[in-house]
Amino acid sequence: MFTNYIEVDIDKIQRNIENIKKISKNKNICAVVKANAYGLGATVIAKYIENQVSYFAVANFLEAKNLRIAGITKPIMILGFVSVEEANECVDYDIEIPIYDLSYAERINKSIVGDLKVHIALDTGHSRLGFREFEFDRIIKLKQLERLKIKGAFSHFSTADEEDKTFTQEQYEKFERIRKKLDDQFNIEIFHIANSAASIYHDLISDMDRIGIAMYGIYPSDYLRERKDIRLEQAFLLKSRVSFVKEINEGDSVSYGRAFKAKSRMKIATIPIGYADGYFRAFSNIGEVLINGKISKVCGRVCMDQIMVDVSDIDCKIEDEVILYPDIYEEANKIVTIPYELMTSFDMRLTRVYVKDGSIVHIDNYLGELYEN
C-alpha cells in the first residue's frame, strides 16, 4: 500500500503518442522527457516508448546521461546549455547538443576529444537560445569546426498553443527561410520545430515533431483542450490517503495562522501531503481534492507535509484514497499557473507507480526501495 504516489498509466502514454502521429503530418517523434518526464519518471517511461519514437530530448546533460545509463539506445539530444566539460562526456555517451553561439562552439570544438553531434539552434522569435536570421554569417563559420558534426537544426514556437496563428506562422516562415540557406551550406539530416501544440493544431511540415506535455495526456493550453482536435488521455493521477478524521466546532481554527475558522460544526480530514511533496502552499483555502467520488475543499494553510480538507458531507475514514488535482487544469488556474508547473513540482518523496494492462509493472521510490515485476 502506498501513501503519497503518482500512478502512471503506460498504456495511455503509448496511445497518446499514436494518436498524435495520426493527426500530425510527421511520423518521426522526438519524445521530450526533460524534468524527469515532466515529473512522471523519465527512465521508466523512456524504456516503454523507445520503440515508438525516433529521438529523446532533455534539458541538460545529467538528464541525458541518466537515460544512457538506464539503457536507452535511441538518439538523445539536449535542448539547453551544456558546459565545455560536459561536452566531452557527451562525446563518450553519444549525446547530441545544441549550438547557438559561435565562440562557445569554438571552445567546445577545441576542448573535446572525438566527434560531437550537434544541432544548430535558431531563434525565430522565442528569444531564448539560438542564432538569429541576421547572424547567418556566424552560422557559416561553424563549418570550420571539424569536431562538431552538424546533424540537425531546430527552433521553438512561443505561441503555437494560442488561437491566433499569426506569430506562429511568422516563426515558421522564418525557420523555412533559414532552412533553405542551411541546405545550401550544410548536409543537415533533421530540421525540427514543431512542439506538442504545433503538432496537433498547426498544418506545418518538418522532419520531426518534439512531443512533450501532450504525450502525458495534458493539452498545452485551455484553448486546445476546448478545441478537441485530438483525444488525449491524462496518463497520471496524484494520490494520497486520509490519515485522520475529526469533528470541529463553530469558531475552531485550522492550520497555521488560523487562516480558516469554522462557521459551523464540521468534519475535517487530514491528508499526509504538503508543499514538500509539491502540493503548492498557494492552494491554501482554495485547493480541491477528490475523496470517495466527492469534491472536498482545502481548509486553512497547506503545511509542509499535510493538508486538511472539509469532509462534512463525505463518508470517509482513515486510509481512504484521495486524488489530488481532480481537474488539473482548474486547479492550476486557481493559482495562476499551468499544469506543467504542477507536474514538474512532483517531489522525490512521491512514489511513482507504473501500470500497464491493468497491472503494476514497476515502482520507483527515489528515497530507497525499488520493485520491478
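Just so it is clear, the structure is predicted and the values come from calculations on it, not from any experiment.

Draft legend 1. Layout of the sheet that holds strand E3 (residues 55-58). With respect to topology, eight strands assemble into an open sheet ordered E8-E7-E6-E5-E4-E3-E2-E9, the strand pairing being parallel. A single partner strand is all that each edge strand has here, and the edge strands are strand E8 (190-192) and strand E9 (209-211). Pairwise comparison of adjacent strand axes, ignoring direction, gives a mean angle of 30° for this sheet. Pairing analysis gives six bridges linking strand E6 (residues 116-121) to strand E7 (residues 148-154), with the strands arranged parallel. Within E7, the residue paired with Ala121 across the bridge is Phe154.

Draft legend 2. Representation of unusual backbone geometry in the model. Non-glycine residue Ala35 carries a positive phi angle of around 55°. Summarising the element assignment, Ala35 is placed in helix H2 (residues 34-38). The phi angle at Asp357 is positive, at roughly 55°, despite the residue not being glycine. Along the chain, Asp357 falls in the loop between strand E19 (351-356) and strand E20 (359-364). Assessed through its relative accessible area of 62%, Asp357 is described here as exposed.

Draft legend 3. Focus on the domain arrangement of the chain. Split into domains, the chain comes out as domain 1 (11-216) and domain 2 (236-337). Relative to domain 2, the C-alpha centre of domain 1 lies at a distance of 40 Å.

Draft legend 4. A look at the packing of helix H1 (residues 10-23) against helix H3 (residues 42-49). Viewed as axis vectors pointing N to C, H1 and H3 meet at an angle of 55°, and their least axial separation amounts to 10 Å. It follows that H1 is oblique to H3 by the angle criterion. Viewed along their axes, H1 and H3 form a crossing whose handedness is right-handed. Taking contact as the criterion, the partners of Ile10, Ile13, Gln14 and Ile17 in H1 are, on H3, Ile45, Tyr48 and Ile49. Residue classes in the contact of H1 with H3 are distributed as six nonpolar, one polar and no charged.

Draft legend 5. Local environment of the side chain of Gln14. If you trace the backbone, Gln14 turns up in helix H1. Dropping the residues within four chain positions of it, Gln14 is found in contact with Tyr48, Ile49, Gln52 and Lys356.

Draft legend 6. How the structure looks around empty space enclosed by the protein. The tally for this structure, following the rule as stated, stands at one cavity of 30 Å³ or more. By volume, the largest cavity is sized at about 30 Å³. As for the largest cavity, its lining consists of Ile200, Tyr201, Tyr219, Leu224, Lys228, Asp229 and Ile230. Residues of the lining of the largest cavity, tallied by class, amount to five nonpolar, no polar and two charged.

Draft legend 7. A look at the sheet that holds strand E11 (residues 244-248). Strand order in this open sheet of three strands is E11-E14-E17, and the pairing throughout is antiparallel. Edge positions in the sheet fall to E11 and strand E17 (307-310), since each of these pairs with one other strand and no more. Sheet twist, expressed as the average angle between the axes of neighbouring strands with direction ignored, equals 30°. In terms of strand pairing, E11 meets strand E14 (residues 266-271) through five bridges, oriented antiparallel. When the sheet's bridge partners are listed, Val245 is paired in E14 with Ala269.

Draft legend 8. Quick look at the layout of surface pockets. In this structure, the largest pocket encloses a volume near 930 Å³. Lining the largest pocket we find 41 residues, and of these Lys34, Arg128, His156, Asn195 and Tyr340 sit closest to its centre. Contributing elements (two or more residues each) for the lining of the largest pocket: H2, helix H9 (196-201), helix H11 (328-334) and helix H12 (339-344). Tallied by class, the residues present in the lining of the largest pocket amount to 21 nonpolar, 14 polar and six charged. For the lining of the largest pocket, the two domains that each supply at least three residues are domain 1 (11-216) and domain 2 (236-337). Empty space within the second largest pocket amounts to approximately 190 Å³. In terms of lining residues, the second largest pocket is bounded by 13 residues, among which Asn36, Ala42, Thr43, Glu63 and Asn66 are the most central. At the level of elements, H2, H3 and helix H4 (61-69) are the ones that each hand at least two residues to the lining of the second largest pocket. Counting residues per element, the lining of the second largest pocket draws most heavily on H4, which supplies four residues.

Calculation rules
- Residues numbered from 1 in each chain as written.
- Predicted model: local features only at pLDDT ≥ 70, side-chain atom pairs only at ≥ 80, totals over all residues.
- Heavy atoms only, no water.
- Pairing = 2+ DSSP bridges.
- Helix = DSSP H or I, 4+ residues; strand = E, 2+ residues; numbered from the N terminus.
- Axes fitted to C-alpha atoms, helices over the stretch in contact; angles between N-to-C directions.
- Buried < 20%, exposed > 50% of the residue type's maximum accessible area, 1.4 Å probe, protein only.
- Domains from an automatic or database assignment.
- Parallel < 35°, antiparallel > 145°, perpendicular 65-115°, else oblique.
- Left-handed = near helix turned anticlockwise from the far one by under 90°.
- Contact = heavy atoms within 4.5 Å.
- Nonpolar A, V, L, I, M, F, W, Y, C, P; charged D, E, K, R; others polar.
- 1 Å grid on protein atoms, 1.4 Å probe; cavity = no way out; pocket = protein on both sides within 12 Å on 5 of 7 lines; lining within 4 Å.
- Points joined across faces, edges and corners; volume = space filled by probe spheres on them.

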